[in-house]
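Descriptive structure summary
Here are the chains, one letter per residue:
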Amino acid sequence: MTDLADRRGIETDVYQPAEDSHLLATVAAEQVDEDNLVLEVGTGSGYVAERVAGETGARVVASDLNPHACRAARDRGVEVVRADLLDPIRTDTCDVVLFNPPYLPTEEGEEWDDWMEVALSGGETGRAVIDPFLGNVGRVLAPDGYVLLLVSSLTGVEAVVETAAESGFSAVALRDESYPFESLTVLKLHR
Amino acid sequence: MKESLLDIICCPLDKAELELEVHEREGEEILEGSLTCTDCGETYPIEDGIPNLLPPDMREAA
């Protein structure tokens, strides 16, 4: 089992780039065009936003709930706002939205009351943050905009695809990678 | 934050435009200031270059 405690390591304030971050950054850097406006939700350390901006030349704006993450991302030169998911983003603005969400399924009572829990835990289903994100992301997307969402087998790719469909999105898996305890998929969601 | 961010962000409560007040600027970067909703009047702080656009009830708790 992938235990939250193992993933947590010693870092308790800001989620540090891991396999999931690398995968999302690599796929995003291939997909994003120079003239796109990109939003990265829950940027954490700012690693993905920095790489995508650096490798594509696109403007990348990042958001995070965690003030420590906001500072870390800003220190990397990322344009960042402190926000709850997509709340303060204008309607019909974003060409691309990137999200490596908190996705690990967590039993009640197994959680920690700190920023690392917020970065990792997706509640009992692993989809406690993904589901509201999928319900709201359509508002901020430009007419031809799309989402690149990182999903783990632990969270259930099928369930995420079904929820996305309820919000009017078609899903395509752009990349899969297998690791000892999970496989990671980057989904492209478009309308 | 850069002033051009105003084209992307809005009030998290009612999605109305925000009005910028600058207290400290360094080149293009606004380091200290505030953003006020042109509709509901709620004010959001900019501290160390980072706008805090959490709704007021989450601002203290988070």
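Here the residue numbers are simple positions, counted from 1 along each chain's written sequence. Following the order in which they are written, the chains are lettered starting with A and the ligands numbered starting with 1. Two thresholds apply to this predicted model, a pLDDT of at least 70 for residue-level local features and 80 or more for giving and counting side-chain atom pairs, whereas whole-chain, interface and lining totals are computed over all residues. Side-chain measures were taken over the full set of non-hydrogen atoms in the model, leaving aside hydrogen atoms and water.

The name given to chain B in an unreviewed UniProt entry is Trm112 family, with Natranaeroarchaeum sulfidigenes as the source organism.

Selection rule: UniProt positions are given in the numbering used here, feature names are shortened, and annotations may be inferred rather than shown by experiment.
Chain A is annotated in an unreviewed UniProt entry as Methylase of polypeptide chain release factors of Natranaeroarchaeum sulfidigenes. Under the heading Sequence similarities (unreviewed entry), UniProt records this for chain A: "Belongs to the eukaryotic/archaeal PrmC-related family."

1. A look at the pattern of salt bridges
Worth spelling out the cut-off: For salt bridges, the criterion is a side-chain nitrogen of Lys or Arg within 4 Å of an Asp or Glu carboxyl oxygen. By definition, any uninterrupted DSSP run of H or I lasting at least four residues is a helix, any uninterrupted run of E lasting at least two residues is a strand, and each is numbered from the N terminus. Exposure is judged per residue with a 1.4 Å probe applied to protein chains only, and the accessible area is read against the type maximum: over 50% gives exposed, under 20% gives buried, and values in between give partly exposed.
Evaluation of the coordinates by the stated rule reveals eight salt bridges over all chains. Between A:Arg76 and A:Glu50 there is a salt bridge whose closest N-O contact spans 2.9 Å. Within this pair, whereas A:Arg76 is found in the loop between helix 4 (67-75) and strand 3 (79-82), its partner A:Glu50 is found in helix 3 (residues 47-56), the two being separated by 26 residues in sequence. A relative accessible area of 31% means that A:Arg76 is categorised as partly exposed. We classify A:Glu50 as partly exposed; its relative accessible area is 34%. Notably, a salt bridge pairs B:Lys2 with B:Glu29, separated by 3.7 Å at the nearest N-O pair. Of this pair, B:Lys2 sits in the segment before strand 1 (18-26) while B:Glu29 sits in strand 2 (residues 29-37), and the two are 27 residues apart along the sequence. Taking the relative accessible area as the measure of exposure, B:Lys2 reaches 28% and is therefore partly exposed. One salt-bridge network, in which partners are shared between bridges, spans A:Arg74, B:Lys2 and B:Glu29.

2. Side note on the environment of A:Ala49
Residues and elements named next belong to chain A. Filter applied, for reference: Residue contacts are counted whenever heavy atoms from the two residues lie within 4.5 Å of one another.
Mapped onto the elements of the fold, Ala-49 is located in helix 3. On the accessibility criterion, Ala-49 (2% relative accessible area) is buried. What Ala-49 contacts, discounting residues up to four positions off in sequence, is Glu-40, Thr-43, Val-60, Ala-62 and Val-78.

3. Topic: unusual backbone geometry
Positive phi outside glycine occurs at A:Leu85, with the angle close to 50 degrees. Its location among the elements puts A:Leu85 in the loop between strand 3 and strand 4 (94-99). Its identity as a non-glycine residue notwithstanding, B:Lys15 has a phi of 65 degrees, on the positive side. Along the polypeptide, B:Lys15 turns up in the segment before strand 1.

4. Considerations on the sheet that holds strand 6 (residues 170-178) of chain A
Residues and elements named next belong to chain A. Basically, it comes down to this: By the convention used here, strands pair only if DSSP detects at least 2 bridges between them. Between N-to-C directions, angles span 0 to 180 degrees; the directions come from axes that are lines fitted to C-alpha atoms, helices contributing only their stretch in contact.
With mixed pairing, the seven strands of this open sheet are ordered in space as 3-2-1-4-5-7-6. The open sheet has two edge strands with one neighbour each: strand 3 and strand 6. Each strand axis lies, on average, 20 degrees off the axis of its neighbour in the sheet, ignoring direction. The pairing of strand 2 (residues 59-64) with strand 3 spans four bridges and is classified as parallel. Across the sheet, the residue bridging to Asp-64 is Arg-82, located in strand 3. Those strands touched by helix 4 are strand 2 and strand 3, and its axis lies near 170 degrees from that of strand 3. Lying over the sheet, helix 7 (residues 157-166) contacts strand 5 (141-152), strand 6 and strand 7 (183-190), oriented at roughly 10 degrees with respect to strand 7.

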